[in-house]
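Structural features, examined
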Amino acid sequence: MTMDKKSVDYDQHNILVIEDQPFVRRTIMQILMQIGFTKIAEADNGETGMQECVRSNPDIIVCDIDMKPVSGLQFLAQLRASTEVKNNRTPVVFLTNHTESEIVKKAMALGVNGFVVKPPSFGALKERVDRLLAAR
C-alpha cells in the first residue's frame, strides 16, 4: 500500500470554527470530526474567535460571515492586521449564504481563502479544507 503524498493527516491540524448559531456550529464540528479532525476549537463570534486564535493558533479557520457583535468580515480584517496571533495569514474559509458580489468582493479584498455555502455538506467542506491544507 503506497501513501498518497497529497493525503492530509487531519489529527495533526488545529481547526477553529467561528459560528454564532450553536446548532450550526455543532453540525460543522460534527462534519469536521467525520472528516478526521480531532483538534477543533470553537467560538461564537468574531471577538471570541480572535481570542481563540491567540490561544490555540489554528491551522485553518471556518468562519460564518453574519455574526454580532463582530462579523466574519470584521474578524478577518482583525486577524490579517493582528500582531498578537502567531500566524495572521492562517487560511480562512467563510460559510455563507451570501451570493451578493459586494460581500464576496470585500471578503476577497481582506484575504479570505475560500467560501463554502451554508449549510455546508461533508463533500464541500472536505474539498475546501483539503485544498487549503495541501497548499501549506
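Residues numbered from 1 in each chain as written. Predicted model: local features only at pLDDT ≥ 70, side-chain atom pairs only at ≥ 80, totals over all residues. Heavy atoms only, no water.

1. With respect to the confidence of the model for the protein
Confidence in the prediction for the protein averages 92 pLDDT; 95% of positions are at 70 or higher. Averaged pLDDT values over the elements of the protein bottom out at 93 in helix α4 (residues 101-110) and peak at 98 in strand β2 (residues 39-43). Ignoring residues within four places in sequence, the model shows residues 1-5, a span with pLDDT below 50, making zero contacts including any to other chains. (pLDDT = per-residue confidence, 0-100. Helix = DSSP H or I, 4+ residues; strand = E, 2+ residues; numbered from the N terminus. Contact = heavy atoms within 4.5 Å.)

2. Here we look at the packing of helix α1 (residues 22-35) against helix α5 (residues 122-134)
For the pair α1 and α5, the least separation of the axes is 10 Å and the interaxial angle reads 65°. α1 and α5 meet at a crossing whose hand is right-handed. Residues I28, I31, L32, Q34 and I35 of α1 lie in contact with α5, whose contacting residues are F122, L125, K126 and V129. Of the residues assigned to the contact of α1 with α5, the class counts are seven nonpolar, one polar and one charged. (Axes fitted to C-alpha atoms, helices over the stretch in contact; angles between N-to-C directions. Left-handed = near helix turned anticlockwise from the far one by under 90°. Nonpolar A, V, L, I, M, F, W, Y, C, P; charged D, E, K, R; others polar.)

3. Quick word on the packing of aromatic side chains
Evaluated as defined, the whole model comprises two aromatic pairs. A centroid spacing of 6.3 Å and a plane angle of 45° characterise the contact between F94 and F115, whose relative ring orientation is tilted. With F94 in strand β4 (residues 92-96) and F115 in strand β5 (residues 114-117), this pair connects stretches of sequence that are 21 residues apart. Since its relative accessible area comes to 0%, F94 is described here as buried. (Phe/Tyr/Trp six-rings, centres within 6.5 Å; stacked < 30°, edge-to-face > 60°. Buried < 20%, exposed > 50% of the residue type's maximum accessible area, 1.4 Å probe, protein only.)

4. Description of the side chain of T90
Residue placement: T90 occurs in the loop between α3 (72-81) and β4. On the basis of relative accessible area, T90 is assigned to the buried category, the value being 2%.

5. Points about the pairing of β4
A large share of β4 lies buried, amounting to five of its five residues. By the bridge criterion, four bridges tie strand β3 (residues 60-64) to β4 in an arrangement that is parallel. Paired with I61 across the bridge in β4 is V92. Handedness of the β-α-β unit built from β3, α3 and β4 comes out right-handed. Where β4 lies against β5, four bridges are found, and the strand directions are parallel. Looking at the pairing, L95 lines up with V116 of β5. (Pairing = 2+ DSSP bridges. Right-handed = clockwise from strand over helix to strand, strands pointing away.)

6. Side note on the packing of α3 against α4
Contact geometry for α3 and α4: axes closest at 9 Å, N-to-C directions at 15°. One finds that α3 runs roughly parallel with respect to α4. For the element pair α3 and α4, the recorded crossing hand is left-handed. Listed contacts from α4 to L73, L76, A77 and R80 of α3 are I103, K106, A107 and L110. Within the contact of α3 with α4, the residues separate by chemical class into six nonpolar, no polar and two charged. (Parallel < 35°, antiparallel > 145°, perpendicular 65-115°, else oblique.)

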